[in-house]
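Report on the structure
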Amino acid sequence: MATTIQKLVVEVVDARNLVPKDGHGTSSPYVVVDYYGQRKKTKTVLRDINPTWNEVLRFNVEKPSDVFSDMLELDVYHDKNLGPTSRNNSLGRLKLSSGQFVKKGEEALIYYPLERKYLLSWIRGEIGLKVYYVDEVVLPPPPPVDEKKAEEVKVEPPADNVAAAVLSDQQQTPAEEMLDGNNAASQVEATAAPPVEPPEAGEGEKGAEAEGEKPAEGDDQVEPGADSQSVQADDHDDDIVLDPTSANWAPAQQPGIMASTTSGSIPEIKVARTTSAPPPLTRPATPASYASTSLDSPDHSRIERSSFDLVDKMHYVFVKVVKAGSLPTNGSPVVKIAIAGSHVTSKPARKAKYFEWDQTFAFARDAPETSSILEISVWADAGGANFLGGICFDATEIPLRDPPDSPLAPQWYRLEGGGAHRGDLMLATWIGTQADEAFPDSWKSDTGGNLVNSRAKIYLSPKLWYLRASILEAQDILPLTALKEGSFQMKAQLGFQVQKTKVSVSRNGNPSWNEDLMFVAAEPFSEHLIFYLEYRQQKGPVTLGVVGIPLSAIERRVDDRKVISRWFNLEDPKSDKKGYKGRVHLSLCFDGGYHVMDEAAHVCSDYRPTARQLWKPPVGTLELGIIGCKNLLPMKTTNGKGSTDAYTVAKYGSKWVRTRTVSDTLDPKWNEQYTWKVYDPCTVLTIGVFDSWGALDINGEKEATRPDFRMGKVRVRVSTLETGKVYKNTYPLVMLGNSGVQKMGELEVAVRFVRAAPTLDFLHVYSQPLLPLMHHIKPLGMGQQEMLRSTAVKIMAAHLSRSEPPLRSEVVRYMLDADSHTFSMRKVRANWSRIVNVSSCVIDIVRWIENTRGWKNPTATILVHALLVMLVWFPDLIVPTLAFYVSAIGIWNYRFRSKDKLPHFCPKISLADTVDRDELDEEFDTVPSTRSPDIIRMRYDKLRAIGARVQNILGDFATQGERVQALVTWRDPRATAIFVVLCLMVAFVLYLVPPKMVAMAFGFYYFRHPLFRDQMPSPVLNFFRRLPSLSDKIM
């Protein structure tokens, strides 16, 4: 049987600008690659500092170990046999982490700069590589030849013995498990099932076969071979895993179950329980006697250990119903569970050899000491017409499970009160927390029974690429009107994205454009990029040809290297037959060096490029604990009372998390914890709270059409967090609508940032650019970025809305601030207030200088004169003095830093408290407007008045600049002559008098006492204001 193994492929393409080492201005380089103890080398290129190898090296992907790391080490050497040296001189080295490797199909040619191997080495140049994983199929060995038959006969018996030993071990494992179950059953009193007699001597072989097959019938038993294949398939579907095999796999232990066949058709089952299973309570035979009684509760101080250290523990009673046997019914029975006022009915059973449910239920408990009766009953149908039996458990006897332990094995229990035929039910019950692995997919009592929309889920954003389509030219185009100029235009379409080039006028049918069009594409690439050649006429455009290119055939690049262009034949759009309608010259590529913007730049959560090869290692980990909300406003009316079905969504990078929906409560508690990797500390985590309308649809009977209501969000900037400190605070949820600011409630979260990188590496991130290199080499325009961002938001919203449970489109758009760039008069005034606040320090300095100049504090003025003398005579102290003063301000402000709460939305800074109602209505109005003409006319007049003010301010700025230009342009001859003469006089004075004396004299003159100062404006200012400007020429 063929097997699949994983290999790492390293394509060594070429190198550029290497260091010469042979004494003649050249080198003879070769490359040595080491990976997991495997070393391979390329051929030597003779005397070339720009060598080309084009060699493919393959390495086996081994298991992680302490001896060999997962780093790929590459060294470039100069061949000692072709140079004056007696050893191989290093031309540079390179180290790559396995996190930068991709699967086949995603690889791209990348040029890595070479690093020095030794401290004093002279290294330059870069090397071009393609590194990726590939799965290779290994065929079984061929059959042996006839000459070696004699040797194989000697070898085969040991092989058969080994195979027999392995087979006996596999068959012996269930028997050993049953023996363990019998030992446990001997220690615990079993239910009232008759013991099974041992098989006779002649039936030993059949008994062993029955014992070996019985565990395989259980719900949790898996064959080793099938499990290993499924593990391999999962590993290939997900990210690259270095060890996809599972050779040391061992089947999980099962509870011991022994069955024997009686004269009837219903098998009798003997229960083999372990000491951890709770004993059932003796109950009367009537089906109506499910009453809760109060019992003395033991000490439950020992609770399970949880990795959820940022949130509070929420205790749940878990009941896992697996299957039932010996039930006197041929229908689809159901299981009803009741505890502490909570009731639930399971789904109808699947009929196989047993009645199977395999369903888990979680019932919330206010405190671990709460005592109640857990009642489990089996009914013939959901209507409760025929009672088949039940079990009662004392909740105080239910064991507590520690998360490091394996899950509790289900046990068989004898049903009571069902009549003459007593059935058996396999279930497991335990007390755990939200950290239990069975919690996410279980039915929960606090979610109203909605299994689809109430589950906590993690979503991943689709991998987005920028697609660059360079449209160069077209040839052999026959216009509709010959011997006349034709206007041609290319239209490109990718899904809902449509873009057009400029119009090109041509006489010979060969138009040219040389224009780039940018699109956003999401993996997997299943669409086609379609180009239409249009001939522009007065009646409208006419399509002359069309060509479709599959996205999977387009090349990927990670830098600005030139992509090879190709000619594509155009086809007739009106005919199904292929006909030549000319050809078009295109250059297509996926630009993986860009970061596809889906959020606003100032609140972005990730700046990494699309290409995984360019990712840098993470610098830390961000942990978020979503505890709950308080005092939420009711969003809907259910059964005559207000209710809210709240859930929380958090987004950071490409990972989205959605908590479960807690139904019908104004103080929901989630206590869920999530983790993200941080690649840049200057990023923002966004947390939003929503009210779900889908929670009303129990069991998905109808589809919710109303959008989920926004209840507010909180932003946390990672760079404001101290390392290792837990920030546990409550933040107000504030929403701004047409009616003004409304507080929707409060959100309680806990945040912690843990630094993983060394201190110097972490601080070095602050000196790196935010966006990848391609944004600086080939920058995108602001308008183009906004258009691409809007497209990326639409693609992401459509992708996440198709998940199960769906993340609705309105939720995604709200989290990504898709509508944040609409016009708002409130935001205009808020931004102006921010400018004034930033300029306040400059204004304070000017006021201080004026007060000092006015001798309002004579002591301070005298000290300023002394400081002026010192700085004039020792100018080298100016820069150090300024630096010391700024550092002193920073140290002083350290006392007033924020110590507890993180920054959040502030209605005061946003001017949301004082905004006018009409301005809010204008802010939330759609485009095009839906208001009446009178309101639109009033808003237009108001906008004209504001525009007039802005116009005057811009004119004043232009006037001051033009007066500066008029100093030397001789527009006013007398003013320019005065200025030139004064400049000559200043020059002669500075030539004759030392500059220190001039500076000191000017300083003392500026800070002179008000008694010696005139109240009129200075002559210099009067002279400047008299200069002409171009404002008198404006019509």
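Residues numbered from 1 in each chain as written. Predicted model: local features only at pLDDT ≥ 70, side-chain atom pairs only at ≥ 80, totals over all residues. Heavy atoms only, no water.

A separate point is the overall build of the protein chain. Tallying secondary structure elements over the protein chain gives 15 helices and 42 strands in all. Buried positions account for 40% of the 1035 residues belonging to the protein chain. A separation threshold of at least 6 residues defines the contact pool for the protein chain, and within that pool the share at least 24 residues apart is 71%. Total accessible area on the protein chain stands at roughly 57,600 Å², and carbon and sulfur atoms take up 56% of it. (Helix = DSSP H or I, 4+ residues; strand = E, 2+ residues; numbered from the N terminus. Buried < 20%, exposed > 50% of the residue type's maximum accessible area, 1.4 Å probe, protein only. Contact = heavy atoms within 4.5 Å. Areas by Shrake-Rupley, 256 points an atom, 1.4 Å probe, with all protein chains shown as cover.)

In this model, Glu804 is joined to Pro805 through a cis peptide bond whose omega is 0°. Looking at where Pro805 falls in the secondary structure, it is placed in the loop between α6 (782-801) and α7 (809-815). Even without being a glycine, Asn54 presents a positive backbone phi close to 55°. Assignment of secondary structure puts Asn54 in strand β4 (residues 52-60). The backbone phi angle of Asn514 is positive, close to 55°, even though this residue is not glycine. Among the structural elements, Asn514 can be located in strand β27 (residues 512-522).

Bringing the environment of Met314 into the picture now. Examined against the element boundaries, Met314 turns out to sit in the loop between β11 (268-271) and β12 (315-325). Relative accessible area serves as the criterion here: at 15%, Met314 is assigned to the buried category. Along the backbone, Met314 and Ala435 are 121 residues apart, and their C-alpha atoms lie at a distance of 9.0 Å. Not counting residues within four places of it along the chain, the set of residues in contact with Met314 comprises Gly432, Thr433, Gln434, Asp446, Arg660, Lys669, Trp670 and Asn671.

As a further point, take the nonpolar core. Note that soluble globular proteins tend to have their nonpolar side chains buried in a common cluster. Tyr466, Leu624, Trp656 and Leu747 are the most contacted members of the largest nonpolar core, which has 62 residues in total. Broken down by element, this core gets its largest block of residues, seven residues, from α6. Counting residues in hydrophobic clusters, the runner-up holds 32 residues, among them Leu91, Tyr112, Val131 and Ala611. (Core = buried A, V, L, I, M, F, W, Y, C linked by side-chain atoms within 4.5 Å.)

What holds strands together in a sheet is hydrogen bonding between their backbones, with the strands either parallel or antiparallel. As summarised here, the arrangement of the four strands in space is β14-β13-β17-β18, forming an open sheet in which the pairing is antiparallel. For this open sheet the edge positions go to β14 (342-345) and β18 (387-394), each flanked by a neighbour on one side alone. For this sheet, the mean inter-axis angle between neighbouring strands, taken without regard to orientation, is 15°. (Pairing = 2+ DSSP bridges. Axes fitted to C-alpha atoms, helices over the stretch in contact; angles between N-to-C directions.)

Let us now look at the sheet that holds strand β36 (residues 646-652). Strand order in the open sheet formed by five strands is β22-β37-β36-β39-β40, with antiparallel pairing between adjacent strands. The strands lining the two open edges of the sheet, one partner per strand, are β22 (457-460) and β40 (709-717). For this sheet, the mean inter-axis angle between neighbouring strands, taken without regard to orientation, is 20°.

Next up on the list: the packing of helix α9 (residues 858-873) against helix α14 (residues 995-1006). Describing two packed helices takes the angle between their axes plus the distance from one axis to the other. At a minimum axis separation of 9 Å, α9 and α14 run at an interaxial angle of 165°. Accordingly, the angle class assigned to the pair α9 and α14 is roughly antiparallel. The chirality of how α9 crosses α14 is right-handed. Where α9 abuts α14, its residues His865, Leu868, Val869, Val872 and Trp873 lie against Lys996, Met997, Ala999, Met1000, Gly1003 and Phe1004. (Parallel < 35°, antiparallel > 145°, perpendicular 65-115°, else oblique. Left-handed = near helix turned anticlockwise from the far one by under 90°.)

Taken as a whole and judged by the stated rule, the model has 27 aromatic pairs. Measuring from centroid to centroid gives 5.3 Å for Phe393 and Tyr413, while their planes differ by 90°, and the two rings are edge-to-face. Of this pair, Phe393 sits in strand β18 while Tyr413 is found in strand β19 (residues 411-414), placing the two residues 20 residues apart along the sequence. Judged by its relative accessible area of 0%, Phe393 is buried. The exposure class of Tyr413 is buried, given its relative accessible area of 2%. Arranged with centres 5.9 Å apart and planes meeting at 35°, the rings of Phe753 and Phe762 form a pair that is tilted. You'll find Phe753 and Phe762 in the same group, each marked buried. Above the face of the Trp676 ring, Lys655 is positioned so that its terminal group lies 5.5 Å from the ring centre. (Phe/Tyr/Trp six-rings, centres within 6.5 Å; stacked < 30°, edge-to-face > 60°. Lys NZ or Arg CZ within 6 Å of the ring centre and 35° of its normal.)

This part is about the UniProt feature "transmembrane region" (unreviewed entry) in the protein chain. In this numbering, the UniProt entry assigns the feature "transmembrane region" (unreviewed entry) to residues 862-892 and 975-993. Annotated as residues 862-892, this span is 87% helix and 0% strand, and its ends, taken at the C-alpha atoms, are 25 Å apart. End C-alpha to end C-alpha, residues 975-993 measures 27 Å, and it is 95% helix and 0% strand. (UniProt positions renumbered as here; feature names shortened; annotations may be inferred.)

When pLDDT is averaged along the protein chain, the result is 79; 79% of the residues meet or exceed 70. Scored below 50 in pLDDT, residues 147-275 shows 118 contacts in the model against residues more than four places distant or in partner chains. Confidence over residues 283-306 falls short of pLDDT 50; this stretch has 57 contacts with residues more than four positions distant or in other chains. (pLDDT = per-residue confidence, 0-100.)

Right, let's talk about the pattern of salt bridges for a bit. All chains considered together, the criterion is met by 45 salt bridges. Glu356 serves as the salt-bridge partner of Arg350, at 3.4 Å between the closest nitrogen and oxygen. Salt bridges here are not isolated pairs; linked through shared partners, they connect Asp918, Asp921, Asp925, Arg931 and Arg939. (Salt bridge = Lys/Arg side-chain N within 4 Å of Asp/Glu carboxyl O.)

A word on α6. Working note: α-helix, 3.6 residues per turn, so residues spaced by three or four point in the same direction. For α6, built from 20 residues, the straight-helix expectation of 28 Å at 1.5 Å per residue is met to within 8% by its first-to-last C-alpha distance of 28 Å. What α6 keeps buried is the set Leu788, Arg789, Thr791, Ala792, Val793, Ile795, Met796, Ala797 and Leu800. Residues of α6 that are buried sit in contact with β22, β23 (464-475), β25 (497-500), β27, β37 (655-658) and α7. (Expected span 1.5 Å × (residues − 1).)

This paragraph deals with the side chain of Glu599. Mapped onto the elements, Glu599 comes out in the loop between β32 (583-591) and β33 (620-630). Residue Glu599 is classed as buried on the basis of its relative accessible area, which comes to 2%. In this view, Glu599 contacts Cys604, Ser605, Asp606, Lys651, Arg789 and Leu816; residues no more than four positions away in its chain are not counted.

Attention now moves to the environment of Val542. When you line up the elements, Val542 lands in strand β29 (residues 542-550). With 54 residues separating them along the chain, Val542 and Phe488 place their C-alpha atoms 9.6 Å apart.

The subject of this paragraph is the environment of Trp443. On the secondary structure map, Trp443 appears in strand β21 (residues 443-444). Classification of Trp443 by relative accessible area gives buried; the value is 11%. Taking the C-alpha atoms as reference, Trp443 lies 9.7 Å from Val319; in sequence the two are 124 residues apart.

This part covers the side chain of Thr396. Locating Thr396 in the fold gives a position in the loop between β18 and β19. Residue Thr396 is classed as buried on the basis of its relative accessible area, which comes to 7%. Of the polar contacts made by the side chain of Thr396, one reaches the side chain of Asp394; its length is 2.8 Å. (Polar contact = N/O pair within 3.5 Å; in protein donor to acceptor, adjacent residues only side chain to side chain.)

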